[in-house]
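Chain by chain, the residues run as shown.
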Amino acid sequence: MRTQEPRLKFLDFQAEVEEVLADSCRALGFKDLQIEVSLPPNDTYGDLASAIPIRIAKEAGKNPGDVAIEVASKAMELAKKKRYIGAVSPHRGGYVNFQINHSRFILDSISAISSGDLGAVREKGETVAIEHTNVNPNKALHIGHARNLVLGDSLVRVMRYMGQQVQALNYVDDSGAQVADIIVGFKFLGFSDEAPPGVKYDIYCGDSVYTKVTKAYEQDPSLKEKQSFVLKEIEKGTGETADYARGIVRKILSAQLATCWRLGATYDLLNWESQLVHSGMWEQIFESLKKMGYVKFQTEGENKGTWVIPDPETGEEKVVVRSDGTAVYVAKDIPYAAWKIGLIGDPFGYETYPVSQPGGVLYSTTLDGKKGKVHFGGARLAISVIDTRQSYLQRIVSKVLDRFREGSSKRYLHRSYEVVSLSKNTAAQLGFAIEGDFAHMSGRKGLYVNVDTMLDRLKDKAKSETRRRNLAEPEAWVDDVAEAVAVSALRYELLKQDPDKMIVFDFYDALRFQGDTGPYLLYSYARARRILDKTEGKPAIDEKSAARLTSPKELKLAKQMSMLDLSAETAEEFLSPKEIARFAHELAVAFNDFYESVPVNKEEDPQLRDARLALVDAASRVLAESMRLMGIPVKDRI
RNA sequence: GGGCCCGUAGCCCAGCACGGAUCAGGGCGUCAGCCUCCGAAGCUGAAGCGCGAAAGCUCAGAGACCGUGGGUUCGAAUCCCACCGGGCCCGCCA
């Protein structure tokens, strides 16, 4: 699978250990064993461990401790030829522990890190389409959307780090009821289609128009007719109302994108739902499914006059085409999914989107028939970041894809995550009295916290903290740093928690910059860079000086920094970027521990000082890389 | 009725995929310390029960609530089953 040597040496060490273990077991007559290694519970045991003797002992009816001695002594012999294995020792509980040859390991790790870019573990990866963000263009992003964005964007970054060719997709539902609601507000309820000065357009539409239109529906149900009129016009795609809606959607989308970019996320392509609908892909798929007999026309019963497919869970039926001939919601997801993994011809052309995106060209689908140089869709693997409430529908999509081509569901993955809700206190601050400890956000009710609002609050706090520490710096500098601190705090907070767990958002907790937070990482990095800025020496290490880096804190730091690729591999395999968050935090802790007790610039011996400088330099580079993988901005000083 | 997810310290979380080693790790909060010394957004230490103003003394010392109860296993926070509590999903809405 890996076509290139791993750059960070812990994986090398692990590979050596696995090989030695396998050979030792074979030499002792134990064959066909699954070789497994793990990190010992405690550093004093060693750097990698295996419980294989326990398994052998059980089968052979021997004492695990004795087997461990046998295996260890054989492994010790074989390990002499290995570069990174320093010592092998048995443990009477039935473990074999492997210790790193520290000086070689440190020397090679530092050299590898300082001599080149990290990442790109594979030379040529597969194409992976990752869809995320997907916010209806009628309101501003709230912190729940931010969880989606942070998860998706970090996945994009991890996949790219691992060498995959990623397409970051953002799906824009420009033809749904929520958009129609805004248009109803402008056209029939007298809302201005200009935001008041100083108010972001998406925030205006969400906070001041959408919530009020929804209320108006409750008071005057006849307004719903206006909504369905607008909806039909939008679906038709031509005419004055449709053109007007198109303009409004673009305006809101631009405002939303500004927030996405503020959070550090960028996209390769915008997929417009209206174009997906008009592309004819659904009709094509529907015809095939009919031929396969997977969709059936109901001639009687409660679903009379509709087309249905079997429900994957109950075996009952799920309507896909209504009796009026229109397709239901999943029928939009199915062609989109099929397009992503290339089960269907690509109907789209691609043009650059007229708003320029920092850090890369943003494309937009077109249906004008022109084919440009770039291509999207047809990926080997597609990942959709969508919250857990859509799991059922996503399973239906998977089932249909499988029917369309065997094995497709393995190439179409749903990365689900739990929603973000608001704590009782935070809801109260927003003027909502709730029962229970938390409340689900609701765009309709106006119960939500906008991303921009949150970032601004974080930034205000970060500004005063930064100013306090940097009295002489110009305002623009402080502003820039405060923005980075704010983004780091929000992204890290949303990323570090397991996606399966609901986040109960609370202003008080979220405004914390101490402990296991994004700012802690920024601070640790700045501390490391400070050492390198202030020094007379130059990072340099050779065999002799590497052998002098023997304090446990130096070893711990070197070991930790060389495990980034291990975390990145896990993050990729389980679509779980929080691995990177855990890694980065541990690295920062290891660095701060080192920092407190090991002098660098104050070290009098220049050789040792320079070797430590090299270690600090390497560790800081890895820390910066891990922060980049999470989309956290990196600053040399904060 | 069927399905998915969560339940770990006062609070918030890690560990669960691949079951293992003596104390199940962090963070927040609380208390006490550390800036003439590479940045204090950091680091170090303390917190079983009872008595005592306190130094301290007595008790606890196999088994200490990983939601509960079973099971599998030499071994379970981790796997299986049941139950309890919480959240979500099962529309000819999107």
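Peer 1: So what about the side chain of Ser488? Which residues, and what values?
Peer 2: Within the secondary structure layout, Ser488 lies in helix 16 (residues 475–496). On the basis of relative accessible area, Ser488 is assigned to the buried category, the value being 0%. A distance of 2.8 Å separates a polar side-chain atom of Ser488 from the backbone oxygen of Val485. Aside from chain neighbours lying at most four places away, what touches Ser488 is Gly518, Pro519, Leu522, Ile632 and Pro633.

Peer 1: Describe the sheet that holds strand 6 (residues 269–272), with residues and values.
Peer 2: Backbone hydrogen bonds are what pair the strands of a sheet, in a parallel or an antiparallel way. Pairing in this open sheet of 7 strands is mixed, and the strands run 10-11-6-5-4-12-13 from one edge to the other. Looking along the sheet, the strands with just one partner apiece sit at the ends: strand 10 (349–352) and strand 13 (412–417). Averaged over all pairs of adjacent strands, the angle between their axes in this sheet comes to 30°, without regard to strand direction. The sheet contact formed by strand 12 (residues 381–387) and strand 13 spans 6 bridges and is parallel.

Peer 1: Quick rundown of the protein's contact with RNA strand B? Include the residues and the values.
Peer 2: Close to RNA strand B lie 64 residues, the nearest being Tyr95, Arg469, Lys501, Phe574 and Lys602. The protein-proximal atoms of RNA strand B, defined as those within 4 Å of the protein, are 61% sugar or phosphate. Here Lys304 contributes a backbone N or O atom positioned 2.9 Å from a base nitrogen of RNA strand B. One of the side-chain N or O atoms of Thr466 is found 3.1 Å from a base nitrogen in RNA strand B. Listing elements by their share of the surface near RNA strand B, those giving two or more residues are helix 2 (52–60), strand 3 (95–100), helix 13 (391–404), strand 15 (438–440), helix 15 (451–469), helix 18 (518–534) and helix 22 (578–597). Element by element, the count of residues in the surface near RNA strand B is highest for helix 18, at 8 residues. Residue composition of the surface near RNA strand B, grouped by class: 25 nonpolar, 15 polar and 24 charged.

Peer 1: Tell me about the nonpolar core, residues and numbers included.
Peer 2: One recurring pattern in soluble globular proteins: nonpolar side chains tend to sit buried together. Phe13, Phe98, Met454, Phe505, Leu521, Met561 and Met630 are the most contacted members of the largest nonpolar core, which totals 148 residues. Here this core gets 13 residues from one element, more than from any other, and that element is helix 23 (residues 606–629). In this structure, Phe505 is in contact with Ile143, Val420, Ser421, Leu422, Ser423, Thr426, Val449, Met454 and Ala510, ignoring residues within four places of it in sequence. Among the nonpolar cores identified, the runner-up in size contains 39 residues, and Leu269, Val295, Phe348 and Tyr350 belong to it.

Peer 1: Help me get a handle on the domain arrangement of chain A, residues and values and all.
Peer 2: Each domain of chain A was delimited in the assignment, giving domain 1 (10–100), domain 2 (424–510) and domain 3 (518–629). Computed over C-alpha atoms, the centres of domain 2 and domain 3 are 29 Å apart. Facing 9 residues of domain 2, the contacting portion of domain 3 comprises 8 residues. Here domain 2 packs against domain 3, burying approximately 770 Å² in sum over the two surfaces, 71% of which is carbon and sulfur. Considering only the side of domain 2, the residues that lose the most area to domain 3 are Ser488, Tyr492 and Leu495, jointly responsible for 57% of the buried surface there. Inspection of the region where domain 2 meets domain 3 yields 1 salt bridge. Among the ionic pairs, Lys578 bridges to Asp498, the shortest N-O distance being 2.7 Å. Our count for the domain 2 to domain 3 interface comes out at 2 residue pairs in polar contact (both at pLDDT 80 or more).

Peer 1: Can you break down a nonpolar patch on the surface residue by residue, with the values?
Peer 2: There is a patch of nonpolar side chains on the surface, built from Phe188, Leu189 and Phe229 and spanning about 240 Å² of accessible area. With respect to the helices and strands, Phe229 occurs in helix 8 (residues 223–236).

Peer 1: Go over the pattern of salt bridges with me, naming the residues and quoting the values.
Peer 2: Using the criterion set out here, one finds 47 salt bridges in the structure. Note that Asp12 and Lys9 form a salt bridge whose closest N and O atoms lie 3.5 Å from each other. For Asp12, a relative accessible area of 16% translates into the label buried. Taking relative accessible area as the criterion, Lys9 reaches 11% and is therefore assigned buried. Glu465 is paired through a salt bridge with Arg468; the nearest N and O atoms lie 3.1 Å apart. Residue Glu465 and its partner Arg468 are both found in helix 15; the two are separated by 3 residues, about one turn of the helix.

Peer 1: Go over the packing of helix 12 (residues 330–340) against helix 13, please, and point to the residues and values.
Peer 2: Following both chains from N to C, one finds helix 12 and helix 13 inclined at 50°, their axes separated by 10 Å at the closest point. Between helix 12 and helix 13, the interaxial angle falls into the category oblique. Considering the relative orientation of helix 12 and helix 13, their crossing is right-handed. Across the interface between the two elements, Val330, Asp333, Ile334, Ala337 and Ala338 from helix 12 touch Leu393, Gln394, Val397, Val400 and Leu401 from helix 13. Partitioned by chemical class, the residues of the contact of helix 12 with helix 13 number 8 nonpolar, 1 polar and 1 charged.

Peer 1: Any chance you could break down unusual backbone geometry for me, citing the residues and the numbers?
Peer 2: Positive phi values are uncommon outside glycine, yet Thr133 reaches one of about 80°. Along the polypeptide, Thr133 turns up in the loop between strand 4 (127–131) and helix 5 (143–161).

Peer 1: Quick rundown of the packing of aromatic side chains? Include the residues and the values.
Peer 2: This structure, assessed with the given rule, holds 15 aromatic pairs. Between Phe286 and Trp307, the ring centres sit 5.2 Å apart and the planes meet at 85°, which makes this aromatic pair edge-to-face. You can see Phe286 sitting in helix 11 (residues 281–292) and its partner Trp307 sitting in strand 8 (residues 307–310), a full 21 residues away along the chain. There is no split in this pair, since Phe286 and Trp307 are both buried. The interplanar angle of 55° and the centroid separation of 5.8 Å between the aromatic rings of Phe591 and Tyr595 together place this pair among those described as tilted. Of this pair, Phe591 and Tyr595 both sit in helix 22, separated by 4 residues, roughly a single helical turn.

Peer 1: Summarise the packing of helix 5 against helix 21 (residues 564–573); cite the residues concerned and give the values.
Peer 2: Viewed as axis vectors pointing N to C, helix 5 and helix 21 meet at an angle of 120°, and their least axial separation amounts to 10 Å. By the angle between their axes, helix 5 is oblique relative to helix 21. Helix 21 is crossed by helix 5, and the crossing has left-handed handedness. Two secondary-structure elements touch here, helix 5 through Leu155, Val158, Met159 and Tyr161 and helix 21 through Leu564, Asp565, Ala568, Ala571 and Glu572. Its residues assigned to classes, the contact of helix 5 with helix 21 shows 7 nonpolar, no polar and 2 charged.

About the thresholds
- Residues numbered from 1 in each chain as written.
- Chains lettered and ligands numbered in written order.
- Predicted model: local features only at pLDDT ≥ 70, side-chain atom pairs only at ≥ 80, totals over all residues.
- Heavy atoms only, no water.
- Helix = DSSP H or I, 4+ residues; strand = E, 2+ residues; numbered from the N terminus.
- Buried < 20%, exposed > 50% of the residue type's maximum accessible area, 1.4 Å probe, protein only.
- Polar contact = N/O pair within 3.5 Å; in protein donor to acceptor, adjacent residues only side chain to side chain.
- Contact = heavy atoms within 4.5 Å.
- Pairing = 2+ DSSP bridges.
- Axes fitted to C-alpha atoms, helices over the stretch in contact; angles between N-to-C directions.
- Near = heavy atom within 4 Å.
- Nonpolar A, V, L, I, M, F, W, Y, C, P; charged D, E, K, R; others polar.
- Core = buried A, V, L, I, M, F, W, Y, C linked by side-chain atoms within 4.5 Å.
- Domains from an automatic or database assignment.
- Buried area = accessible area lost by both parts, 1.4 Å probe.
- Salt bridge = Lys/Arg side-chain N within 4 Å of Asp/Glu carboxyl O.
- Patch = residues over 30% accessible without salt bridge, like charges linked within 9 Å, V, L, I, M, F, W, Y side chains within 5 Å.
- Areas by Shrake-Rupley, 256 points an atom, 1.4 Å probe, with all protein chains shown as cover.
- Parallel < 35°, antiparallel > 145°, perpendicular 65-115°, else oblique.
- Left-handed = near helix turned anticlockwise from the far one by under 90°.
- Phe/Tyr/Trp six-rings, centres within 6.5 Å; stacked < 30°, edge-to-face > 60°.

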